[in-house]
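# Results of the structural survey
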There are 2 protein chains.
Amino acid sequence: MSSTGFAKTPQPPYYAVIFTSRRTEGDNGYSAMAERTVALASQQPGFLGIESARGADGRGITVSYWASEEDGLRWKQHYEHKVAQRMGKQTWYQDYSLRVAEVKRAYKK
Amino acid sequence: MSSTGFAKTPQPPYYAVIFTSRRTEGDNGYSAMAERTVALASQQPGFLGIESARGADGRGITVSYWASEEDGLRWKQHYEHKVAQRMGKQTWYQDYSLRVAEVKRAYKK
């Protein structure tokens, strides 16, 4: 599944991890990490899908979907993901917000 | 508040409306509507903020934040927003997903 595709999620309830960020200038290893992190996430228990968009201004939103809150929080604590988070904080992101939310309703075209 | 800024949300719980979409080719009145719709949303009761990103591939994510589920659903039903939704379905979006979620935890850098 591509990181730019739509997630095929089941009927609610399930969980969303909403990550909003603003990139620093330059790649500094970011693209390779982002690809690796999406591949790693998709192998975790309870992973349902991921959606991502980043504009030319450097602001981006990534939403990953999880079967349960525990699955989402376990991913947050994953060792390799923790390493990426540390790099993100130090190098790749000017600032970011992370929100864990329970999806209650869903509609689509 | 700019539509490309970060939302300054309070401590959870609050609600997120996650709108993922893929645009059709051409503007067709989309940019003016998007600007107007963000301005309109920000005047609604319970509005907490909005974050938006769209990549060069036409895929975008907009997350609006609301004090309660009722506030988010009332915005979904707002007359002028309904008109925009109809145009979106017919003209602006190839496809989209809309999810209403309760934010339970939040972190930031």
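Residues numbered from 1 in each chain as written. Chains lettered and ligands numbered in written order. Predicted model: local features only at pLDDT ≥ 70, side-chain atom pairs only at ≥ 80, totals over all residues. Heavy atoms only, no water.

## Digging into the relation of the copies chain B and chain A
Note on the identical chains: chain B maps onto chain A by a rotation of 180° and an axial translation of 0.0 Å, with an RMSD of 0.0 Å. Taken together, these values place the two copies in the relation of a two-fold axis. Both copies present the same face, since 100% of the interface residues in chain B are matched by interface residues at the equivalent positions in chain A. (Least-squares fit on C-alpha atoms with pLDDT ≥ 70 in both. Contact = heavy atoms within 4.5 Å.)

## Side note on the interface of chain B and chain A
Buried accessible area, meaning the area lost when the parts come together, often serves as the stated size of an interface. Contacts between the two partners involve 44 residues from chain B and, on the opposite side, 44 residues from chain A. Carbon and sulfur atoms supply 56% of the area that chain B and chain A bury against each other, a total of about 3700 Å² over both sides. Looking only at chain B, the three residues that lose the most surface to chain A are B:Phe6, B:Arg99 and B:Lys109, adding up to 22% of its buried area. Note that B:Glu69 and A:Arg105 form a salt bridge whose closest N and O atoms lie 2.8 Å from each other. At the boundary of chain B and chain A, one finds 27 residue pairs in polar contact (both at pLDDT 80 or more). At the level of secondary structure, the elements contributing two or more residues to the side of chain B that touches chain A comprise β1 (14-23), β2 (47-54), β3 (59-66), α2 (69-77) and β4 (93-108) of chain B. (Buried area = accessible area lost by both parts, 1.4 Å probe. Salt bridge = Lys/Arg side-chain N within 4 Å of Asp/Glu carboxyl O. Polar contact = N/O pair within 3.5 Å; in protein donor to acceptor, adjacent residues only side chain to side chain. Helix = DSSP H or I, 4+ residues; strand = E, 2+ residues; numbered from the N terminus.)

## A look at the sheet that holds strand β3 (residues 59-66) of chain A
Either a parallel or an antiparallel arrangement is found when strands of a sheet pair, and the pairing is made through backbone hydrogen bonds. Pairing is antiparallel across the open sheet formed by eight strands, whose spatial order is β2(A)-β3(A)-β1(A)-β4(A)-β4(B)-β1(B)-β3(B)-β2(B). Each edge of the open sheet is held by one strand with a lone partner, namely β2 (47-54) of chain A together with β2 of chain B. Put simply, the sheet's adjacent strands are angled 25° from each other on average, direction ignored. Its contacts with the sheet place helix α1 (residues 30-41) of chain A against β1 (14-23), β2, β3 and β4 (93-108) of chain A, and it is angled at close to 155° to β2(A). Lying over the sheet, helix α2 (residues 69-77) of chain A contacts β1, β3 and β4 of chain A together with β4 of chain B, oriented at roughly 75° with respect to β4(B). (Pairing = 2+ DSSP bridges. Axes fitted to C-alpha atoms, helices over the stretch in contact; angles between N-to-C directions.)

## Quick look at the confidence of the model for chain A
Confidence in the prediction for chain A averages 91 pLDDT; 96% of positions are at 70 or higher. Predicted confidence in chain A is weakest over helix α3 (residues 79-92) of chain A, with a mean pLDDT of 91, and strongest over β1(A), with 96. (pLDDT = per-residue confidence, 0-100.)

## Looking at the packing of aromatic side chains
Evaluation of the coordinates by the stated rule reveals 16 aromatic pairs over all chains. Aromatic side chains A:Tyr93 and A:Tyr96 sit 6.0 Å apart centroid to centroid with 75° between the ring planes, which places their arrangement in the edge-to-face category. We note that A:Tyr93, like A:Tyr96, is buried. Centroid distance B:Phe19 to B:Tyr96: 5.4 Å. Interplanar angle 40°. Geometry classified as tilted. One end of the pair, B:Phe19, is in strand β1; the other, B:Tyr96, is in strand β4, with 77 residues separating them in the sequence. (Phe/Tyr/Trp six-rings, centres within 6.5 Å; stacked < 30°, edge-to-face > 60°. Buried < 20%, exposed > 50% of the residue type's maximum accessible area, 1.4 Å probe, protein only.)

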